[in-house]
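# Architecture at a glance
So the chains spell out like this:
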Amino acid sequence: MMSVTAQAAPRLFDYEKLVGVFVFIFVTCGAIGVIEPSPYDFASLVAMPLWFFGGFRIHRSFLVFGFLILLFNIMGFLALIPYWDNPDSSLYQYQSAYLVLTGLFYALYMGDRTNARVEMCLRAYTAGSVIAAVCGILGYFNVAGLGDEVFAHAGRASGTFKDPNVLGSYLVLPIVWLAQNLMLGRARSALLTAATLLVVFLGMFLSFSRGSYGATLVAFTLMTASVYRTSTNVKMKRRIVTATLAAIAMIAVLILVLLLNPETREIFALRTAAVQEYDAGETGRFGNQLRSIPMLLDRFMGFGPLRFRLVFNLEPHNSYVGAFANNGWIGGFLFLLLVGVTAWIGLRMMFAPSPAQRQAQAVVPALLALFLQGFQIDIDHWRFLFFMLGAVWGLEALRARSAAKSTQSRSLGRP
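An account of the accompanying structure is given in this report.

What counts and what doesn't
Sequence order as written defines the numbering, with residues in each chain counted from 1. At least 70 in pLDDT is required for a residue's local features to be given in this predicted model, at least 80 for side-chain atom pairs to be given and counted, and no such filter applies to totals for whole chains, interfaces and linings, which use all residues. Side-chain measures were taken over the full set of non-hydrogen atoms in the model, leaving aside hydrogen atoms and water. Of the two site types, the cavity is a set of points on a 1 Å grid over the protein atoms alone where a 1.4 Å probe fits but cannot get out, and the pocket is an open set with protein on both sides within 12 Å along at least five of seven lines, each lined by residues with an atom within 4 Å of a point. Grid points are joined across faces, edges and corners, and a volume is the space filled by probe spheres set on the points. Here a strand is any run of E in DSSP of at least two residues, a helix any run of H or I of at least four, and the numbering for each starts at the N terminus. For this classification, Asp, Glu, Lys and Arg are treated as charged, while Ala, Val, Leu, Ile, Met, Phe, Trp, Tyr, Cys and Pro are nonpolar and the rest, including Gly, are polar. Only the contacting stretch of a helix is used when fitting its axis, a line to C-alpha atoms as for every element, and angles between N-to-C directions run 0 to 180 degrees. Any angle from 65 to 115 degrees is called roughly perpendicular, while one under 35 is roughly parallel, one over 145 is roughly antiparallel, and all others are oblique. Crossing handedness is read from the near helix: turned anticlockwise from the far helix by less than a right angle, it gives a left-handed crossing, and turned clockwise, a right-handed one. A contact between two residues is defined here by any heavy atoms of the two lying within 4.5 Å. The buried label applies to any residue whose accessible area, calculated with a 1.4 Å probe on protein chains only, is under 20% of its type's maximum; exposed applies above 50%, and partly exposed to all values in between. Within 3.5 Å is the distance limit for a polar contact, defined as a pair of N or O atoms, with the added protein rule that one can donate a hydrogen and the other accept it, and that residues adjacent in sequence qualify only through two side-chain atoms. The rule for a salt bridge is simple: a side-chain nitrogen of Lys or Arg has to be within 4 Å of a carboxyl oxygen of Asp or Glu. To estimate the expected span of a helix, subtract one from its residue number and multiply by 1.5 Å. Each patch is built from residues lacking any salt bridge and having more than 30% relative accessible area; the joining distance is 9 Å for like charges and 5 Å for nonpolar side chains (Val, Leu, Ile, Met, Phe, Trp, Tyr). Only the protein chains shown count as covering a residue, and every accessible area follows the Shrake-Rupley method with a 1.4 Å probe.

### Re empty space enclosed by the protein
For the coordinates displayed, the defined rule picks out three cavities of 30 Å³ or more. Taken as a whole, the largest cavity spans an internal volume of roughly 240 Å³. Listing elements by their share of the lining of the largest cavity, those giving two or more residues are helix H3 (60-80), helix H4 (87-110), helix H14 (319-351) and helix H16 (383-411). Sorting elements by how many residues they give to the lining of the largest cavity places H14 first, with eight residues. Looking at the lining of the largest cavity residue by residue, the classes come out as twelve nonpolar, eight polar and one charged. Estimated volume of the second largest cavity: approximately 80 Å³. Along its surface, the second largest cavity is lined by twelve residues, and Arg-57, His-59, Ala-107, Gly-111 and Ala-397 are the ones closest to its centre. Listed by contribution, the elements that provide at least two residues to the lining of the second largest cavity are strand S2 (56-58), H4 and H16. Element by element, the count of residues in the lining of the second largest cavity is highest for H16, at three residues. When its residues are assigned to classes, the lining of the second largest cavity shows seven nonpolar, two polar and three charged.

Here it is, written out as C-alpha cells:
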C-alpha cells in the first residue's frame, strides 16, 4: 500500500466532509450532457483538486487499472501524431485523456473508505438520474413546450443528454441499484424507493433505445441471480423472489399503460425491430464494421482518433472496432484486456464473499451490460463508463485488502 498525504493542518472543519460534498455535486452533474462544457467539467475542477490535496492512498490493485487505461490513452496520442493539426482528432484525444483522468480519480477515491464513498457516489448518481429521467419524461410528453430539440429528439426522450441512447444507458445503473435496495430491504423508505425506481425506469423506457432495453434486462437479471445465489438466508431468498416478481409486475403494468397510447406503441414497435434501416447494407452500421476490419489489418496505428468517420461517413458504432481504429493495434488489444480483466474481477466480487460484494452486485452488472452495448454503440466517451470503471476498481481495492487481512489472520492462527 502506498500513500500520498498532504501536510497536516489544524482541523478547523471536516475536510473529508467538504470533499464529499463536492464529489457528490461532481457525480450528480454527470447527468447533464446537453451543455458543453458541462457543469460536470466545472465541478471536476473543484472536486478532484480538493481530494488530491487532502491526501490519498494507492492500493496495488489500482496499478493494474492505471497501467492498462493510461497505456491505452498513450497509444491514442501516438496514433494522433500524423493528424496533430486536425482540430477534431486532437480535441477527441484530449477529451479521452480527461475522461481517463476522471476514471483514475474515481478508482482512487472509492478505493479508500470504500463502502461509505461508493454508497455516497451511488446516491449522487441516482439524484442525477432522477433529474435526467424527469426531464426526459417532460420532453417526451412535451410539457410546457419542452419537447423536440429540448428534452426529446425525434419523438424519443433524451432528457439532459443530446442522444436518447445515452439517456437510456445512463439510467441502467440506478435502476439496478434501487431494485437491489428494495430486494434486500435496505431502502429507508420502500415507497419512495419504488416511486423513484418507476420514474427512472419510465425515463429509460421513453428513450426507446434497444441497447438500453437489453442492458437493463441483462443487468437486472445478473444482479438478481447473484443476490439470490449468494444469500444464505432462506427468508431473504424468499424476499428476493417476492420483490423481483413485484418489481416485474409493477413495470409490466407501467409498460402496458404506456402502450395504450397509439403513438407510443408505434415508436416502440419501430425502435424494437431487430434491424434498423441504418444497420443493414454494405454501407450500413454492420457493413462498415465488416469492411473496416481488413483495412485496419493493414494499419498498425489504425485510422487515428475520430477518423473512422472520414473513411466511412459514419461512426463505427462499435467501441471494440473503434478502439483499434482510434488507438491502433496495441491500443485495441489493451482495451480488450481492460474490459476482460475488469469483467473478471467484477464477477469474482459478485460471487465471492467480501465487504465489497453487495455494492459490486449493483455496479458490476450495469458495467458488464455497458460492455455488451459497446458492440453496437460507441461508449468510449460516455462519462458514466469511467465512473463505473472507477467504482469497480475501487471495490476491488477493498476486496484485496480484506483478502490480505484474512490471509494474515490465518497465518497467525486467528479465526
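### Thoughts on the packing of helix H7 (residues 172-184) against helix H15 (residues 357-373)
Between two packed helices, the angle of one axis relative to the other and the distance separating the axes together describe the packing. At their nearest, the axes of H7 and H15 sit 8 Å apart, and the two run at 150° to each other. Regarding the angle of H7 to H15, the classification is roughly antiparallel. Helix-helix and strand crossings are classified by hand; for H7 and H15 the assignment is right-handed. Every residue of H15 that contacts H7 at Val-172, Leu-173, Val-176, Trp-177, Gln-180, Asn-181 and Leu-184 is listed here: Arg-358, Gln-361, Ala-362, Val-363 and Ala-366. A class-by-class count of the residues in the contact of H7 with H15 yields eight nonpolar, three polar and one charged.

### Re the layout of surface pockets
Here the largest pocket defines a volume of roughly 1300 Å³. Along the wall of the largest pocket there are 44 residues; nearest its centre are Glu-36, Val-166, Asp-378, His-381 and Trp-382. Those elements that place two or more of their residues in the lining of the largest pocket are H4, helix H6 (164-170), helix H9 (210-230), helix H13 (308-312), H14 and H16. No other element matches the six residues that H4 contributes to the lining of the largest pocket. Its residues assigned to classes, the lining of the largest pocket shows 16 nonpolar, 15 polar and 13 charged.

### Structural notes on the side chain of Gln-357
Assignment of secondary structure puts Gln-357 in helix H15. The class for Gln-357 is buried, based on a relative accessible area of 14%. Within polar-contact distance, the side chain of Gln-357 engages the backbone oxygen of Ala-352 at 3.3 Å. Those residues in contact with Gln-357 that sit more than four places away from it in its chain are Thr-230, Met-349, Met-350, Phe-351 and Ala-352.

### Points about the pattern of salt bridges
Under the definition given, this model contains ten salt bridges. Here Glu-119 and Arg-123 are joined by a salt bridge, their closest N and O atoms 3.8 Å apart. Of this pair, Glu-119 and Arg-123 both sit in helix H5 (residues 114-140), separated by four residues, roughly a single helical turn. According to the relative accessible area criterion, Glu-119 is buried, its value standing at 14%. A relative accessible area of 36% means that Arg-123 is categorised as partly exposed. For Arg-348, the salt bridge identified is with Glu-396, shortest N-O distance 2.9 Å. With a gap of 48 residues between them, Arg-348 in helix H14 and Glu-396 in helix H16 connect regions that are remote in the sequence. Put simply, Glu-16, Arg-113 and Arg-117 are held in one network by salt bridges that share partners.

### Some words on helix H12 (residues 285-297)
With 13 residues, H12 extends 19 Å from end C-alpha to end C-alpha; this agrees with the ideal 18 Å at 1.5 Å per step. What H12 keeps buried is the set Arg-285, Gly-287, Asn-288, Gln-289, Ser-292 and Leu-296.

### Describing a nonpolar patch on the surface
Taken together, the side chains of Leu-290, Ile-293, Leu-297, Phe-300, Trp-329, Ile-330, Phe-333 and Leu-336 define a hydrophobic patch exposed on the protein surface, amounting to about 780 Å² of accessible area. Those elements that place two or more of their residues in the nonpolar patch are H12 and H14. Per-element tally for the nonpolar patch: the top contributor is H14, with four residues. Structurally, Ile-293 is set in helix H12. Classification of Ile-293 by relative accessible area gives partly exposed; the value is 42%.

### Some words on unusual backbone geometry
A cis amide bond links Glu-36 to the next residue, Pro-37, at an omega of -5°. Here Pro-37 lies in the loop between helix H1 (15-28) and helix H2 (39-53). For Glu-149, which is not a glycine, the phi torsion comes out positive at approximately 70°. Structurally, Glu-149 is set in the loop between H5 and strand S3 (152-153).

Bear in mind that shape data such as this cannot, by itself, settle questions of function.
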